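Each chain, written out:
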Amino acid sequence: VGTQHGTEPSGGEALLLIARSLALGEMKSLLDDADFIIVPNANPDGRDLQRRVNANNVNLSTDFVLLSQPESRAINDLLLRVRPQVVLDVHESAILKKKTLGREGYLTDFHAQFEIGNNTNIAPEIRRLSLYRILPEVIDEVQRQGLPAQRYIGEITSIRQVITNGGLSLQNLRNKAGMLGAFSFLFENRLDPPGNFPTHRNIQERVSEQILSIESFLTVVHTHAHEI
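Okay, so let's go over this structure. (Residues numbered from 1 in each chain as written. Predicted model: local features only at pLDDT ≥ 70, side-chain atom pairs only at ≥ 80, totals over all residues. Heavy atoms only, no water.)

1. Examining the environment of Ile214
Secondary-structure assignment places Ile214 in helix 6 (residues 203–223). According to the relative accessible area criterion, Ile214 is buried, its value standing at 2%. As for Ile214 and Val138, which are separated by 76 residues in sequence, their C-alpha atoms are 9.4 Å apart. When residues no more than four places from it in sequence are discounted, the contact partners of Ile214 are Ala14, Leu15, Ile18, Leu88, Val90 and Phe187. (Helix = DSSP H or I, 4+ residues; strand = E, 2+ residues; numbered from the N terminus. Buried < 20%, exposed > 50% of the residue type's maximum accessible area, 1.4 Å probe, protein only. Contact = heavy atoms within 4.5 Å.)

2. Re the pairing of strand 2 (residues 112–116)
Counting buried positions over the 5 residues of strand 2 gives 5, a clear majority of the element. Burial of the side chains of strand 2 extends over both faces: Ala112, Phe114 and Ile116 are buried on one face and Gln113 and Glu115 on the other. Where strand 2 and strand 3 (residues 149–151) come together, 3 bridges link them in parallel fashion. Across the sheet, Phe114 pairs through a bridge with Arg151, a residue of strand 3. The handedness of the strand 2 to strand 3 crossover, carried by helix 4 (residues 124–144), is right-handed. As defined by bridge partners, strand 2 adjoins strand 4 (residues 183–191) across 5 bridges and the pair is classed as antiparallel. When the bridges of strand 4 are listed, Gln113 appears paired with Glu188. (Pairing = 2+ DSSP bridges. Right-handed = clockwise from strand over helix to strand, strands pointing away.)

3. What to know about unusual backbone geometry
The backbone of Gln50 sits at a positive phi, close to 55°, despite the residue not being glycine. Mapped onto the secondary structure, Gln50 falls in the loop between helix 2 (44–49) and helix 3 (70–82). Classification of Gln50 by relative accessible area gives exposed; the value is 67%.

4. What to know about the pattern of salt bridges
One pass over the structure, following the stated rule, counts 7 salt bridges. The partner of Arg47 in a salt bridge is Glu13, with the nearest N and O atoms 2.6 Å apart. Note that Arg47 is positioned in helix 2 and Glu13 in helix 1 (residues 10–24), a separation of 34 residues in sequence. When its relative accessible area of 26% is taken as the criterion, Arg47 is described as partly exposed. Residue Glu13 is classed as partly exposed on the basis of its relative accessible area of 28%. Among the ionic pairs, Glu141 bridges to Arg144, the shortest N-O distance being 2.8 Å. Here the residue Glu141 and the residue Arg144 both occupy positions in helix 4, the gap between them amounting to 3 residues, near one helical turn. For Glu141, a relative accessible area of 15% gives the class buried. Arg144 gets classed as exposed once you look at its relative accessible area, which sits at 60%. It is possible to trace a salt-bridge network through shared partners that takes in Arg133, Glu137 and Glu227. (Salt bridge = Lys/Arg side-chain N within 4 Å of Asp/Glu carboxyl O.)

Following this line, the structure appears as structure tokens:
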């Protein structure tokens, strides 16, 4: 699933190219073992309006409990109908956020970061395999391909807070999918804010990093298909 936030378009573009590769290119062999459902643009209003939220001013990424919006209801219905074994939620994230430590001159520097469905009510065997096998191997594979990668670091709003690896809430897609029995993961590539960051405002460069990261993820997941 890509572009839940309308200002994060590179994931959707990368997923379209992944779809082409699965159908016609180097990744076609994966179709022998897996079916893929690709939602490249989960927030068409937000993308068209160049805003994070949808036209109703709702953050779709945290609407999976209330299900107040047609977009989140559509994704939720898809989860219930298909019951996917693996879910990847693709995002971009700014390294300097004015509402957080940016006010104090700090930023979170990264290129690619991943997190598992981490709600404590997700089946323990899913959490163990995700956290101790799949997640480290995905990070290693992305790094092997030449892109710095790490485990997701949650939003830092104070230098005094405890570092976390993403929220536990069922409001987000990865935890909602995990509660339905999926091996679910969050993935974010770097998006620099406007200013003196020419490389990562470049959509072609961002899509390239998204493709590398998603292909690495699929490669690792494929090696664990039997266990999953």
